Amino acid sequence: MMVETQGDFLFTFAPIFMGGIFILVFGIIIFTIIKSIGTWSKNNQSPRVNANAKVVTKRTSVRGGGETRARSIYYVTFEFDSGDRLELQVNGQEYGQLVEGDYGELNFQGSRYLGFIRHS
């Protein structure tokens, strides 16, 4: 008799648990999409800025690996003449061409990197 009660509990609890997991995963996906659209919209509404800046530091962040393909994300921190700093995500080619200490004109829009023209 005890086994039937336990079996009934599993048949009752399992669908509720799986449904909760599905809702959680779906909610995270929707939240990520909405956040990405908000960032994209905010960047589009921001003015394009050209300012003198110096490359202060560079870093990478690796996502994935193990069972999935690893992906590197590249960041560069720029320092403006005012002393303010801004870290922007750049592509791998830009990351490789920028050197700490480079000084030039940084072009960006919100959190979107548009380019860097080095001054000699």
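Scroll up to find the structure this text is about.
Here's what I pulled together on the structure shown here. Fair warning: this is a prediction, and the values are worked out from it, not measured in the lab.

On to the side chain of Ser-46. You can see Ser-46 is positioned in the loop between α1 (2-45) and β1 (48-63). Taking the relative accessible area as the measure of exposure, Ser-46 reaches 17% and is therefore buried. In this structure, Ser-46 is in contact with Gln-109 and Gly-110, ignoring residues within four places of it in sequence.

Pairing is possible between side chains that carry opposite charge, provided their charged atoms lie close to one another. Tallied over the full model, the rule gives three salt bridges. A salt bridge links Arg-59 to Glu-87, with the nearest nitrogen and oxygen atoms 2.7 Å apart. Of the two residues, Arg-59 is situated in strand β1 and Glu-87 in strand β3 (residues 85-90); the sequence distance between them amounts to 28 residues. Classification of Glu-87 as partly exposed rests on a relative accessible area of 37%.

Among the nonpolar cores identified, the biggest contains 14 residues, and Val-76, Phe-78, Leu-98, Leu-106, Tyr-113 and Phe-116 are the most heavily contacted of them. Secondary structure elements with two or more residues in this core: β1, β2 (71-80), β3, β4 (103-109) and β5 (112-118). The residues contacting Leu-98, other than those within four sequence positions of it, are Val-55, Lys-58, Val-76, Phe-78, Tyr-113, Phe-116 and Arg-118.

Rules and cut-offs
Residues numbered from 1 in each chain as written. Predicted model: local features only at pLDDT ≥ 70, side-chain atom pairs only at ≥ 80, totals over all residues. Heavy atoms only, no water. Helix = DSSP H or I, 4+ residues; strand = E, 2+ residues; numbered from the N terminus. Buried < 20%, exposed > 50% of the residue type's maximum accessible area, 1.4 Å probe, protein only. Contact = heavy atoms within 4.5 Å. Salt bridge = Lys/Arg side-chain N within 4 Å of Asp/Glu carboxyl O. Core = buried A, V, L, I, M, F, W, Y, C linked by side-chain atoms within 4.5 Å.

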